[in-house]
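What follows is the residue order along each chain.
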Amino acid sequence: MYNSSMKARYQYRIYPTDQQKQSLAQLFGCVRVVYNDSLRACKDSEKLPKNGDLQKLFITQAKLTEERLWLGEVSNVPLQQSIRDLGVAYTNYFNSLKGKRKGKKVGSPKFKKKENRQSARFTNLGFSIKGDQVYLAKIGSLSPVWSRELPAPPSSVTVIKDCANRYFLSFVVEVIPKIIPAKNQSIGIDLGIKTFAFMSNGEKAESPSYTKLDRKVRKLQKKLARQVKGSNRRYRTRLRVAKKHNQIADTRKDFLHKLSTKVVRENQSIILEDLNVSGMVKNRKLSRAISLQGWAMFRQFCEAKSEKFGRDFRVISRWEPTSQVCSDCGFKWGKLDLKVRTVTCISCGAEHDRDENAAKNIEKVGMGNRHDSKWTVRAGKTTLVAPPCDLSRITDPLGR
Ligand SMILES: [Zn+2]
């Protein structure tokens, strides 16, 4: 099953000419109108209209009317694609409702807004690649910054303009994932606020610091609040806020991608603790919120890459007492104050770093205490998934 191909995205920055920016603005506008007209029709009718009918009504026939005449000035390909994308958005929404879709809940399709990120998707009919240049129908030739090579001919390309007015081309490519055998059998990872990740093998990963950027964003946001709505100055500040947010997001994504790739490449089983992230993000401090979002994203990346590389990704219950038990002998010392960073086990004498010990326990619980454990032998009653709050799951091996 791992030899089947999968879709991958490759994104590159582009710098369109002023003329091309105008054409793109026109295209984005047309795509938005066709999408919104179709969505309105879908929302207003009891049964979801067919793709072909929507295309006839909101592209072919609309072009003949006075108020939609300008639809004829842009390429037809992205207009048709936007209706197809709407269909996919509805399918995802319905599957999510029925519980047929993995992952986050998908909401019903929403109207596209002028102020948000803009995009238009070209299928093979509307674009071609010649040498270093990408040609888009009725837009012209663009020279992307080829930061990495495309592994195969792409099946579609999306032109994107983000909130900070940056332009990108995002290609969809079918790739066949290469399966590389893992060096290690398993790894447990404890995620934290100060240090992003502690691994059961003793390694740790520090998150990049966002405090400086965080401070700048807050300063700009205060400025924004004082500025007159609709003014040019306010627009420029809003753009600067968006740019700073992008900078934070890019740094974080880059860090999480590198870390998750390393972890998945080196280990056959990857075990994380289930964290109630959505419940904790309601925190006012941005830097804290960022690290929480980071956990969710890290988990997502690990899960996706595990599937890609044929790894085993596991999540253990957050009720496991991973910081209350000696990872060497299984002795339970109970809750520790957050200030306590190292523990000496009174049962076996082993000295533990608090977080590393937790990571080791996460690995053990995730692997069902399978390997090397004195634990498994002595405390044979352990189960993989503990019922909530059952903190006495791991018994004291010495019967104390
Ligand atoms: Zn011990």
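Above this text is the structure in question.
Quick summary incoming for the structure in this document. (Residues numbered from 1 in each chain as written. Predicted model: local features only at pLDDT ≥ 70, side-chain atom pairs only at ≥ 80, totals over all residues. Heavy atoms only, no water.)

Before going further, it helps to examine the sheet that holds strand 11 (residues 267–273). Spatially, the 5 strands line up as an open sheet ordered 10-9-8-11-12, and their pairing is mixed. Either end of the sheet is taken by a strand with one partner, and the two such strands are strand 10 (204–205) and strand 12 (312–316). Against the sheet, helix 5 (residues 232–266) makes contact with strand 8 (184–191), strand 9 (197–199), strand 10 and strand 11, and its axis sits at roughly 130 degrees relative to strand 11, the strand it touches most. (Pairing = 2+ DSSP bridges. Helix = DSSP H or I, 4+ residues; strand = E, 2+ residues; numbered from the N terminus. Contact = heavy atoms within 4.5 Å. Axes fitted to C-alpha atoms, helices over the stretch in contact; angles between N-to-C directions.)

Tallied over the entire structure, the rule returns 15 salt bridges. The partner of Glu174 in a salt bridge is Lys7, and the shortest N-O contact between them spans 3.8 Å. A residue pair is termed long-range when its members are at least 10 positions apart, and Glu174 in strand 7 (residues 167–175) and Lys7 in strand 1 (residues 6–14) qualify at 167 residues. Look at Glu174 and you get partly exposed, because its relative accessible area is 36%. A salt bridge links Glu356 to Lys360; the shortest N-O distance between them is 3.4 Å. Residue Glu356 and its partner Lys360 are both found in helix 8 (residues 354–366); the two are separated by 4 residues, about one turn of the helix. (Salt bridge = Lys/Arg side-chain N within 4 Å of Asp/Glu carboxyl O. Buried < 20%, exposed > 50% of the residue type's maximum accessible area, 1.4 Å probe, protein only.)

On to unusual backbone geometry. At Lys138, a position not held by glycine, the phi torsion is positive, near 60 degrees. With relative accessibility at 53%, the residue Lys138 sits in the exposed group. Positive phi, close to 60 degrees, is recorded for Asn165, a residue that is not glycine. You can call Asn165 partly exposed: its relative accessible area is 30%.

Running from N to C, helix 2 (residues 51–60) and helix 3 (residues 76–97) point in directions that differ by 135 degrees, and their axes come no closer than 10 Å. By the angle between their directions, the pair helix 2 and helix 3 is classed as oblique. For the pair helix 2 and helix 3, the sense of crossing is right-handed. Contacts between helix 2 and helix 3 involve Asn51, Leu54, Gln55 and Ile59 on the former and, on the latter, Asn76, Leu79, Gln80, Ile83 and Arg84. Of the residues assigned to the contact of helix 2 with helix 3, the class counts are 4 nonpolar, 4 polar and 1 charged. (Parallel < 35°, antiparallel > 145°, perpendicular 65-115°, else oblique. Left-handed = near helix turned anticlockwise from the far one by under 90°. Nonpolar A, V, L, I, M, F, W, Y, C, P; charged D, E, K, R; others polar.)

For helix 4 (residues 211–226), with 16 residues, the first-to-last C-alpha span of 23 Å sits near the 22 Å given by 1.5 Å per residue. Turning to helix 4, its buried residues number three or more, namely Leu213, Asp214, Val217, Leu220 and Leu224. End-on view of helix 4: buried residues confined to an arc of 130 degrees, all on one side of the axis. Turned more than 90 degrees off the buried face of helix 4, the exposed positions are Lys212, Arg215, Lys219, Lys222 and Arg226. (Expected span 1.5 Å × (residues − 1). Arc of directions from axis to C-beta.)

Let's shift gears to the pairing of strand 3 (residues 127–130). Where strand 3 lies against strand 4 (residues 133–136), 4 bridges are found, and the strand directions are antiparallel. Considered in strand 4, the bridge of Phe127 is made with Leu136. Taking the residues that link successive antiparallel strands as the turn, the strand 3-strand 4 hairpin has 2 residues, and the phi of Gly131 there is positive, at about 65 degrees.

Below, the discussion takes up the packing of aromatic side chains. Taken as a whole and judged by the stated rule, the model has 8 aromatic pairs. Ring pairing ties together the aromatic residues Tyr12, Phe127, Trp146 and Phe171, which thus form one cluster. We note Lys112 situated over the ring of Tyr35; from NZ or CZ to the ring centre the distance is 4.2 Å. (Phe/Tyr/Trp six-rings, centres within 6.5 Å; stacked < 30°, edge-to-face > 60°. Lys NZ or Arg CZ within 6 Å of the ring centre and 35° of its normal.)

A few words on the packing of helix 1 (residues 18–44) against helix 3. The description of two helices packed together rests on the angle between their axes and the distance between the axes. The geometry of helix 1 relative to helix 3 is characterised by a closest axis approach of 9 Å and an angle of 40 degrees between their N-to-C directions. One way to sum up the angle between helix 1 and helix 3 is to call them oblique. Along this stretch, helix 1 crosses helix 3, giving a crossing that reads as right-handed. Contacts between helix 1 and helix 3 involve Leu27, Cys30, Val31, Val34, Tyr35, Ser38, Leu39, Cys42 and Lys43 from the first element and Pro78, Leu79, Ser82, Ile83, Leu86, Ala89 and Tyr90 from the second. In terms of residue class, the contact of helix 1 with helix 3 is made up of 13 nonpolar, 2 polar and 1 charged.

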